[in-house]
Amino acid sequence: MKKSWMELVMALLLIAGAYQISKEGARVVSQRKADQAVVVLDAGHGGSDPGKIGVNGEKEKDINLQITLLLKKKLEKKKVYVILTRNSDEGLYDSGSKNKKVQDLQNRVDLIHAKKPDCVVSVHQNSYTSPEVKGAQVFYFTHSAEGKKLAEGLQNSLVEDVDPENHRLAKGNTSYYLLKKTDAPAAIVECGFLSNPDEAKLLKSKDYQNKLADSICRGILEYIKTDKKSGKSQKTIT
Ligand SMILES: [Zn+2]
């Protein structure tokens, strides 16, 4: 009896020790170096908000998160410090909130302001009444010069890497909450149209998601580099 008690105590101590080590390890890994670029990736929607629904029932929130998680890995390989607004199928609202959508968006913006990133990329999927409409498009806040620069770079890389037939240009917008309220350079990437049967199929596939993530990663890296070269402040005055 005594021996088994001792064994139990020893086992518990070992587990506690291992937990402490893994906690320390995680802390070290997640610590940001002083000169490390910081990017916030925002997977749009989540939880009770599915976003757009595709022609075959695809949920925008799921595709957004899948692409965002791939993109995170790719940026981290390039030594970028990445912060996600969500890493699971959860919105940023309290379950009892009267207006979950407003609270969700406010919390995303608050998180961005607290982290002061070099840039923010929000990943979404589009939808339209005409099923033939397709192609990625990137949006920025009309009055943000840095947001425009980021969005145009992302649009270029998406056209070059993913779909050279796509003739869309990055577009200014004055009403999207996240773009309007965020003081860091920000862009919303609408990766494609879930209302287009071919594109909906592609957007669901891992290969295409990887291609999109590679391309968005390139656009972000080019933006960060350009910004550092010019020596300009990375903050946008909006
Ligand atoms: Zn969306």
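Here is a short report on the structure shown in this document. (Residues numbered from 1 in each chain as written. Predicted model: local features only at pLDDT ≥ 70, side-chain atom pairs only at ≥ 80, totals over all residues. Heavy atoms only, no water.)

Each helix and strand in the protein was counted, giving seven helices and six strands. Ordered by position from N to C terminus, the α and β elements of the protein give α-β-α-β-α-β-β-α-β-α-β-α-α. Relative to all contacts within the protein whose residues are 6 or more apart in sequence, the contacts with residues 24 or more apart total 77%. When the accessible area of the protein is evaluated, it comes to approximately 13,100 Å², of which 56% is carbon and sulfur surface. (Helix = DSSP H or I, 4+ residues; strand = E, 2+ residues; numbered from the N terminus. Contact = heavy atoms within 4.5 Å. Areas by Shrake-Rupley, 256 points an atom, 1.4 Å probe, with all protein chains shown as cover.)

Before going further, it helps to spend a moment on the coordination of the zinc ion. Ideal donor angles around a metal are set by the shape: a four-donor tetrahedron calls for 109.5 degrees, a six-donor octahedron for 90 or 180 degrees. Protein coordination at the zinc ion comes from His45 (NE2), Glu60 (OE) and His124 (ND1), with a distance range of 2.1 to 2.2 Å. Taken in sequence order, the residues that donate to the zinc ion follow the motif H-x14-E-x63-H. Here the residue histidine 45 occupies a position in the loop between strand 1 (38-43) and helix 2 (60-77), and glutamate 60 occupies one in helix 2, the gap between them amounting to 15 residues. Glutamate 60 gets classed as buried once you look at its relative accessible area, which sits at 1%. (Donors = N, O, S within 2.8 Å, 3.2 Å for Na, K, Ca; no water. Buried < 20%, exposed > 50% of the residue type's maximum accessible area, 1.4 Å probe, protein only.)

A cluster of nonpolar side chains, contributed by Trp5, Leu8, Val9 and Leu12, occupies part of the molecular surface with about 410 Å² of accessible area. Residue placement: tryptophan 5 occurs in helix 1 (residues 2-30). (Patch = residues over 30% accessible without salt bridge, like charges linked within 9 Å, V, L, I, M, F, W, Y side chains within 5 Å. Salt bridge = Lys/Arg side-chain N within 4 Å of Asp/Glu carboxyl O.)

Turning next to the pairing of strand 3 (residues 119-126). Within strand 3, eight of the eight residues are buried, which leaves the element mostly enclosed by the surrounding structure. Burial of strand 3 is two-sided: the residues Cys119, Val121, Val123 and Gln125 facing one way and the residues Val120, Ser122, His124 and Asn126 facing the other way are all buried. Pairing of strand 1 with strand 3 involves five bridges; the strand directions are parallel. Looking at the pairing, alanine 43 lines up with valine 123 of strand 3. Bridging between strand 3 and strand 6 (residues 186-193) involves six bridges; their strand directions are parallel. Bridging across to strand 6, asparagine 126 finds its partner in phenylalanine 193. (Pairing = 2+ DSSP bridges.)

Attention now goes to the pairing of strand 4 (residues 137-141). Counting buried positions along strand 4 gives five out of five residues, so the element sits mostly inside the fold. Residues of strand 4 alternate between two faces, with Gln137, Phe139 and Phe141 on one and Val138 and Tyr140 on the opposite face, all of them buried. The sheet contact formed by strand 4 and strand 6 spans three bridges and is antiparallel. By the bridge assignment for strand 6, phenylalanine 139 is matched with isoleucine 188. Strand direction decides the pairing type here: strand 4 and strand 5 (residues 171-173), joined by three bridges, are parallel.

All quantities given are derived from atomic positions and should not be read as evidence of function.
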